Protein chains: 2
Amino acid sequence: MSATTYRLYHHPLDATSRCVRLALAEKAVVCDLVIEKSWDPSADFRALNPACEVPVLVVEQSKERLVLSDGQAICEYLDETQAAATMLGKDPAIRAEVRRLVGWFDRKFQREVTTPLVGEKAWKRLMGAGEPDSLLIRTGIHNIGGHLDYIAWLTERRNWLAGDSITFADLAAGAQLSVIDYLGDVPWDSHVLAKEWYARLKSRPAFRGLLGDHIAGFPPPRHYADLDF
Amino acid sequence: MSATTYRLYHHPLDATSRCVRLALAEKAVVCDLVIEKSWDPSADFRALNPACEVPVLVVEQSKERLVLSDGQAICEYLDETQAAATMLGKDPAIRAEVRRLVGWFDRKFQREVTTPLVGEKAWKRLMGAGEPDSLLIRTGIHNIGGHLDYIAWLTERRNWLAGDSITFADLAAGAQLSVIDYLGDVPWDSHVLAKEWYARLKSRPAFRGLLGDHIAGFPPPRHYADLDF
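Fair warning: this is a prediction, and the values are worked out from it, not measured in the lab.

(A) Representation of the packing of aromatic side chains. Across all of its chains, the model carries 22 aromatic pairs over all chains by this definition. An angle of 80 degrees between the planes, with centres 5.0 Å apart, marks the rings of Y182 of chain A and Y224 of chain A as edge-to-face. Remark: Y224 of chain A occurs in the segment after α8 (208-211) and Y182 of chain A occurs in helix α6 (residues 168-182); sequence separation between them is 42 residues. Here the two residues Y182 of chain A and Y224 of chain A agree in accessibility, since each one is buried. Here W197 of chain A and Y198 of chain A contribute two aromatic rings whose centre-to-centre distance is 6.1 Å and whose plane-to-plane angle is 50 degrees, an arrangement assigned as tilted. Here the two residues W197 of chain A and Y198 of chain A agree in accessibility, since each one is buried. Counting every residue linked through ring pairs, the aromatic cluster contains W188, W197, Y198, F207 and F229 of chain A. Cation over ring: K108 of chain A sits above W104 of chain A, and NZ or CZ is 5.3 Å from the ring centre. One cation-aromatic arrangement involves K202 of chain B over F229 of chain B; the distance from NZ or CZ to the ring centre is 4.1 Å.

Right, dumping it as structure tokens:
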């Protein structure tokens, strides 16, 4: 039986792509990374995912080729097929809590913080879609506080966001925050408990790939890759 | 051991709530239904779900009380805890395809069709949030065609949306369409293949609860509850 190969189509400023990269690294899956401009998709990419969204994971073994999209679907697939410890938990109640929090960060945080902030400051420029809307940027910066408070509230009661162990909930939250952090917009100093949780996440070997990101035209702030930020 | 009781906080015009109601019925779970106005949440509801979104499922057994939110998390929990046949499939590749399609309908269809259409025609009125924006309504009506074509494309190749068996993908798609259908805005006659798939779904016993919905001030069109529409 030939080895299985993995190729991820992603973008370094897409939080869901970052979450899948973290999941792959936590699961010790060796994977080719291909940056895809999903706002200007190639015909090949459109054929892979009719939704024209990153991330897309292509898994090949012998003559079998599996094309997976939707960040949550990809993470669940990795959890079901890799021998590494589960990142969903074993108890159905914990798994439901992990999935609730993944939904919270993938959708609510994305909508309230990442889209207004990163959308205006970075995506618009990458896409050549006009000037950033400063009102939206201020909205994103305003909204992030409530989410950092929620992370603090959770980690005061639990070791990681969903319970005793690290799960996809931590990866989903860390992925969103790492994109904002790449732009230098996370108010860490006024959110000490959230910072402590993020520092633990950031120091994991699986996080290293993200810390090496460098997007042309958008240099990260100096603290971005620093474990002692 | 005392019986487990289930209570669902939902809204009849919320597609994700409808998806969970379908999942509960397919799993033959008897459940109390409580309509919640999530745009004007009670303090009790806010305590149940800090995201202040329906659906929320409360599961009680003896002195244990479990509060679940996020439609996908609730459906996965039901699949993991109920003896009924899986609605995710057994093979990881099929499960990934089911979850991709659940994401497609829960997010892409919701954003492109349900939010502009139902948001403008119904939610705004319920919330007292001003006049509907006719441009957004036209956008929703325009977008629905592509999604019905995609359903047709899938069902020409498969028995149900994600494969041979009915899965959460069908429930997620059916739930979204049933909300639009409640307003009479699905162009069934020009989308025969999608209509055939929906007719099969609509004739299932699990669908009966949705067909009995009647929202004050929004009477459904005559064909809504008709299996021969």
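(B) Region of interest: the relation of the copies chain A and chain B. For the pair chain A and chain B, the relating rotation is 180 degrees, the translation along its axis is 0.0 Å, and the fit reaches an RMSD of 0.0 Å. Here the symmetry operator amounts to a two-fold rotation axis. Ranked by how close their C-alpha atoms come to the rotation axis, the residues of chain A are headed by R107 of chain A, at 4.5 Å. Here 100% of the contact residues of chain A are again contact residues in chain B; the copies associate through an equivalent surface.

(C) Inspection of the interface of chain A and chain B at higher detail. Residue-level contacts link 25 residues of chain A with 25 residues of chain B. Here chain A meets chain B over a buried area of about 2,100 Å², counting both sides, of which 56% is carbon and sulfur. Considering only the side of chain A, the residues that lose the most area to chain B are E80, R99 and R107 of chain A, jointly responsible for 23% of the buried surface there. Inspection of the region where chain A meets chain B yields 10 salt bridges. Residue E53 of chain B pairs with R111 of chain A through a salt bridge whose shortest N-O separation is 3.6 Å. For the side of chain A that touches chain B, the residue count by class is 11 nonpolar, four polar and 10 charged.

What counts as what
Residues numbered from 1 in each chain as written. Chains lettered and ligands numbered in written order. Predicted model: local features only at pLDDT ≥ 70, side-chain atom pairs only at ≥ 80, totals over all residues. Heavy atoms only, no water. Phe/Tyr/Trp six-rings, centres within 6.5 Å; stacked < 30°, edge-to-face > 60°. Helix = DSSP H or I, 4+ residues; strand = E, 2+ residues; numbered from the N terminus. Buried < 20%, exposed > 50% of the residue type's maximum accessible area, 1.4 Å probe, protein only. Lys NZ or Arg CZ within 6 Å of the ring centre and 35° of its normal. Least-squares fit on C-alpha atoms with pLDDT ≥ 70 in both. Contact = heavy atoms within 4.5 Å. Buried area = accessible area lost by both parts, 1.4 Å probe. Salt bridge = Lys/Arg side-chain N within 4 Å of Asp/Glu carboxyl O. Nonpolar A, V, L, I, M, F, W, Y, C, P; charged D, E, K, R; others polar.

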